[in-house]
Amino acid sequence: MTARKHVKVCGIKVPLRVVSDKKDRKLKGAHGYYDLDTGVVTLNKKLPANSDDHFLTHEVLHVLLNSSGALRVTAAALDIDIDKPAGLKIMEVWEETFIRVLTPHVRETFGPP
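Values in this document were obtained by computation on a predicted structure and should not be read as measured data.

*Asks:* Explanation requested: the overall build of the protein in the structure shown.
*Replies:* Within the protein one finds three helices and four strands. For the protein, the sequential pattern of α-helices and β-strands runs β-β-β-β-α-α-α. A globule of 113 residues ought to have a C-alpha radius of gyration of about 13 Å, and the protein, at 14 Å, matches this closely. Based on the C-alpha atoms only, the size of the protein along its principal axes is roughly 40 × 35 × 25 Å. Within the protein, the fraction of its 113 residues that count as buried is 38%. Counting contacts in the protein only where the partners sit at least 6 residues apart, residues at least 24 apart contribute 52% of the total. Between the centroid of the 17 positive side chains of the protein and the centroid of its 14 negative side chains there is a distance of 9 Å.

*Asks:* Would you take a moment to explain the sheet that holds strand β1 (residues 6-9) for this structure?
*Replies:* Backbone-to-backbone hydrogen bonds join strands into a sheet, with any given pair of strands oriented parallel or antiparallel. Pairing in this open sheet of four strands is mixed, and the strands run β1-β2-β4-β3 from one edge to the other. Only two strands of the sheet have a single partner each, and these edge strands are β1 and β3 (32-35). For this sheet, the mean angle separating the axes of adjacent strands, direction not counted, is 25°. Pairing analysis gives four bridges linking β1 to strand β2 (residues 12-19), with the strands arranged antiparallel. Bridge pairing links Lys8 to Lys13 in β2.

*Asks:* What should I look at first to understand the nonpolar core in this one?
*Replies:* Taken as a class, soluble globular proteins show a tendency for nonpolar side chains to be buried jointly. Core analysis: the largest hydrophobic core is formed by 12 residues, namely Val7, Val9, Val14, Leu16, Tyr34, Val41, Leu43, Leu47, Phe55, Leu56, Val60 and Val63. Broken down by secondary-structure element, the contributors of at least two residues to this core are β1, β2, β4 (40-44) and α1 (52-68). Looking at this core element by element, the count peaks at four residues for α1. Within the second largest apolar cluster, five residues are counted, among which are Ala75, Ile80, Ile82 and Met91.

Criteria and cut-off values
- Residues numbered from 1 in each chain as written.
- Predicted model: local features only at pLDDT ≥ 70, side-chain atom pairs only at ≥ 80, totals over all residues.
- Heavy atoms only, no water.
- Helix = DSSP H or I, 4+ residues; strand = E, 2+ residues; numbered from the N terminus.
- Rg over C-alpha atoms; globule rule 2.2 N^0.38 Å.
- Buried < 20%, exposed > 50% of the residue type's maximum accessible area, 1.4 Å probe, protein only.
- Contact = heavy atoms within 4.5 Å.
- Lys, Arg positive; Asp, Glu negative; His and termini not counted.
- Charge placed at Lys NZ, Arg CZ, Asp CG, Glu CD.
- Pairing = 2+ DSSP bridges.
- Axes fitted to C-alpha atoms, helices over the stretch in contact; angles between N-to-C directions.
- Core = buried A, V, L, I, M, F, W, Y, C linked by side-chain atoms within 4.5 Å.

Any functional reading would require information beyond the geometric quantities listed.
Next comes the structure, spelled out in C-alpha cells:
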C-alpha cells in the first residue's frame, strides 16, 4: 500500500488517506473514493494485493475531471443541468462509467500516479 500523504493533480496537492473500512463507513463495499467537499482521496487499507495503483489512478481521475472543469464542460456539451438532482445523477453515472473505462488505459500509458 502506498505510503504517500498526497497526490498532485491539476497543480493541486490532494491529500491521500489510507484507512480501514472499519474507521470510515464510506469505504464499506468500496475500494476508495474522492470526497469533493473535502478534496481528499481515501483508499481502503484492505485493497486486493497489487491493486493500489489501479484504485489510486481511478480516484485521481475523479479529481482530474472535477478539478479541471471537464465534468462541467461535458455536462454543458450534453445539455445536462448538474445543478438539478436529475442532471447531477446522470453525470455521476457518466463519470463513474467513463473513469472505469479510462483507468487501465491511463495506467498503461502514463504509469501510476
